[in-house]
Amino acid sequence: MAASEGDEYVVDGLVDHRGDDKETMEFLVHWAGYDVSERTWEPLSEVDDTIALEEYLQEHPELVEI
């Protein structure tokens, strides 16, 4: 889950990433209940500690080193 100004949004999944390190790493988030056009790039700090990130890292083990 991610929060924005008191509203909570449920992360349905992470579909892509960009950046080279923890400071610049962003993930393309697909939000539960929202259309594909509503996906947003979010910094690592916003998706850290989510099940979606754990699942994404299993598919992309090279990112665990970052």
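Remember, predicted model here, so these are calculated numbers, not experimental data. (Residues numbered from 1 in each chain as written. Predicted model: local features only at pLDDT ≥ 70, side-chain atom pairs only at ≥ 80, totals over all residues. Heavy atoms only, no water.)

## As for helix 2 (residues 51-59)
It helps to recall that an α-helix has 3.6 residues per turn; residues three or four apart then point in one direction. Listed in full, the buried residues belonging to helix 2 are Ala-52, Leu-53 and Tyr-56. For helix 2, the buried positions fall inside an angular range of 95° around the axis, keeping them on one side. Opposite the buried face of helix 2, by more than 90 degrees, sit the exposed residues Ile-51, Glu-54 and Gln-58. Here the buried face of helix 2 lies against strand 3 (11-18), strand 4 (26-31) and helix 1 (44-47). (Buried < 20%, exposed > 50% of the residue type's maximum accessible area, 1.4 Å probe, protein only. Helix = DSSP H or I, 4+ residues; strand = E, 2+ residues; numbered from the N terminus. Arc of directions from axis to C-beta. Contact = heavy atoms within 4.5 Å.)

## Section: the side chain of Thr-50
Take Thr-50: it is sitting in the loop between helix 1 and helix 2. In this structure Thr-50 comes out as buried when scored by relative accessible area, which is 6%. Reaching out from Thr-50, the side chain makes a polar contact with the backbone oxygen of Val-47 at a distance of 2.6 Å. (Polar contact = N/O pair within 3.5 Å; in protein donor to acceptor, adjacent residues only side chain to side chain.)

## Digging into the UniProt feature "domain: Chromo" (unreviewed entry) in the protein
This chain's UniProt record puts "domain: Chromo" (unreviewed entry) on residues 9-66. Within residues 9-66, the helical portion is 22% and the strand portion 33%, while the C-alpha atoms at the span's ends are 26 Å from each other. (UniProt positions renumbered as here; feature names shortened; annotations may be inferred.)

## Focus on the pattern of salt bridges
Taken as a whole, this structure holds one salt bridge when the rule is applied. The partner of Arg-18 in a salt bridge is Glu-26, and the shortest N-O contact between them spans 2.6 Å. Owing to a relative accessible area of 39%, Arg-18 belongs among the partly exposed residues under this scheme. (Salt bridge = Lys/Arg side-chain N within 4 Å of Asp/Glu carboxyl O.)

## A short note on the packing of aromatic side chains
According to the stated counting rule, one finds three aromatic pairs in the structure shown. When the ring of Tyr-9 is compared with that of Trp-31, the centres are 6.0 Å apart and the planes differ by 65°; the resulting orientation is edge-to-face. Here Tyr-9, found in strand 2 (residues 7-9), pairs with Trp-31, found in strand 4; they are 22 residues apart in sequence, far enough to count as distant. One aromatic cluster is present, formed by Tyr-9, Trp-31 and Tyr-34 through successive ring pairs. Over the ring of Trp-41 we find Arg-18; its NZ or CZ atom is 4.0 Å from the centre of that ring. (Phe/Tyr/Trp six-rings, centres within 6.5 Å; stacked < 30°, edge-to-face > 60°. Lys NZ or Arg CZ within 6 Å of the ring centre and 35° of its normal.)

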